[in-house]
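# Survey of secondary and tertiary structure
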Amino acid sequence: MSVRVYIDGNELTVPGVGGTAALSGSVTRRLNRPSEATVTVPMDLSTGGAGSRLKVVINSELWFHGFVTSCETDTGEDEGQTVYNAIDPLELWAYRPVRDYDGLTPGNFVDPYILRDKKSGPQIIEAMLKASENPALIPTAAEGPTFLEFGFFETGGSDLSGAPVDWPITMAELASLLTSTGELDIILTPIDSGGNMARIDCYNGAYGSDLSASVVFEYGQGARNVRRLRWTEDLTIVANKIQTFFGPKETTRRYKSNITADDPCLPVQLGSAAMSALLARRSASQAAYGVRMEIQEFDVDTLSKEQEPLGTCAQLDPVKLLFRRQWYQESWIRSVPRTIVHITPVRGVGVGSFDIGDLVGVAVAPSVRGGFMGKQRVYGYSVSWDEDSVLEVSEIETSADQEGA
């Protein structure tokens, strides 16, 4: 196994000796969030600085490419080290406003139409990127390259055009809102081509492959290929009676509309079976932990009347379409204490065998609080190395109360 590190295209090596100059480092991949890398090198072999481009190649495969966001050198009497911290191009989205790409007002970020003429998450993201990259439609207004090669933007999918926002907002804020519905996954794959540092692909949620039969991590039993386990349960996130209200208020006592468990359009949009399962889960939660209510308020421009003809829910409002789905998913997840599982495999196990979004098998022996086993979705993981370039998957973030559990 080997690690090679590049700053601004130049490999960091030890003069006259060869081999990587990186004393240690790590690459952290995350689903729907920026990926990061940290590399430590001797100060006399460091080069570049904040704003440089950092690449990490592991076993001849590009694992990371992004901007150095901070560079710190710490010295002693005889030696010192330089630490580079870098983030992939997704971090740039926090500095870019969402603009219109086409439609009536190309370039507009004060009140854009992007959520009126684009429906699914991938299509909204694609238009948002095109507007930011200075297309011919808005040559003097857009911000310029996002350093991303456009890949696959899945068609179809749920209508997310009702996302309520207080314009202007950043691309990062809109992406976070859309991915929170579970109907959008944003995947960045590192590349080094044409000035771009990653290829972006967008899917209608549920990205990844089911590897649970071939990639299995077992603690205290079976393969015993997990050397450390961190299993956290948290009751403080439980909210088993969530209600959503839409403002601004029409009067001091009256909201425009709301979403509660007795919303007659919930079974129409989400299906009767799904709603029955949720209501049973909520009832069990309330009986076990007491009623824990949370009121959420969102301001929207307009809402259409949905029950016309009376009681049919024939014309579902785009804003409430999105928020019903978000209400359902949040109500389902937060009905039980949050369970977060972090596992650290034995050194050399798992490197390159899975990626973010994939389902892997995880099994914990009964000796650990009764244990558990099942499929776990990978939300994030880190691969690190030491001075001898010994690789390890230092932490995998999965969740026992999420997909496949």
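Residues numbered from 1 in each chain as written. Predicted model: local features only at pLDDT ≥ 70, side-chain atom pairs only at ≥ 80, totals over all residues. Heavy atoms only, no water.

Along its 16 residues, helix α6 (residues 318-333) runs 23 Å from first to last C-alpha, staying within 8% of the 22 Å computed at 1.5 Å per residue. Every buried residue belonging to α6 is among Val-319, Lys-320, Leu-321, Leu-322, Phe-323, Arg-324, Gln-326, Trp-327, Tyr-328 and Ser-331, and all of these are buried. Those residues of α6 that are buried are in contact with α3 (171-179), β13 (241-247), β14 (257-259), α4 (266-270), α5 (272-289) and β15 (293-299). Its side-chain oxygen at 2.9 Å from the backbone nitrogen of Val-319, Asp-317 defines the N-terminal cap of α6. (Helix = DSSP H or I, 4+ residues; strand = E, 2+ residues; numbered from the N terminus. Expected span 1.5 Å × (residues − 1). Buried < 20%, exposed > 50% of the residue type's maximum accessible area, 1.4 Å probe, protein only. Contact = heavy atoms within 4.5 Å. Polar contact = N/O pair within 3.5 Å; in protein donor to acceptor, adjacent residues only side chain to side chain.)

On to the sheet that holds strand β18 (residues 372-377). Strands sit in the order β11-β17-β18 across an open sheet of 3 strands; the sheet is mixed. The open sheet has two edge strands, β11 (216-219) and β18, and neither has a second partner. Across the sheet, the axes of successive neighbouring strands diverge by a mean angle of 20 degrees, strand direction being ignored. Bridge count for strand β17 (residues 359-364) against β18 is 6 bridges, and the pairing is antiparallel. Looking at β18, one finds that Leu-359 is bridged to Arg-377. (Pairing = 2+ DSSP bridges. Axes fitted to C-alpha atoms, helices over the stretch in contact; angles between N-to-C directions.)

Judged by pairing direction, the sheet is mixed, and its 3 strands sit side by side in the order β8-β10-β9 without closing on themselves. Only two strands of the sheet have a single neighbouring strand rather than two, namely β8 (148-153) and β9 (185-193). Averaged over all adjacent pairs, the angle separating strand axes in this sheet is 20 degrees, with direction ignored. In terms of strand pairing, β8 meets strand β10 (residues 196-203) through 4 bridges, oriented parallel. Residue pairing for β10: Glu-149 is matched across the bridge by Arg-199. Its contacts with the sheet place helix α2 (residues 121-132) against β8, β9 and β10, and it is angled at close to 155 degrees to β8.

In terms of nonpolar packing, the biggest core is built from 41 residues, with Leu-54, Val-56, Phe-354 and Trp-385 touching the most fellow members. Among residues more than four places away in sequence, those in contact with Leu-54 are Tyr-6, Ile-7, Ala-37, Val-39, Phe-64, His-65, Gly-66, Val-68, Tyr-84 and Ala-86. (Core = buried A, V, L, I, M, F, W, Y, C linked by side-chain atoms within 4.5 Å.)

Cis geometry marks the peptide bond from Gly-247 to Pro-248, where omega comes out at 0 degrees. Along the polypeptide, Pro-248 turns up in the loop between β13 and β14. One non-glycine residue, Asn-32, lies in positive phi territory at about 65 degrees. Note that Asn-32 resides in the loop between β3 (24-30) and β4 (36-42).

Moving on, we come to the state of the cysteines. Applying the stated criterion across every chain yields a total of 1 disulfide. Two residues share a disulfide in this structure: Cys-265 and Cys-313, whose sulfurs sit 2.1 Å from each other. With the S-S bond torsion at -85 degrees, the cross-link from Cys-265 to Cys-313 turns out left-handed. On the criterion of sequence distance, the pair formed by Cys-265 in the loop between β14 and α4 and Cys-313 in the loop between β15 and α6 is long-range, its members being 48 residues apart. Per residue, the accessibility class of Cys-265 equals that of Cys-313, and both read buried. (Disulfide = S-S within 2.5 Å.)

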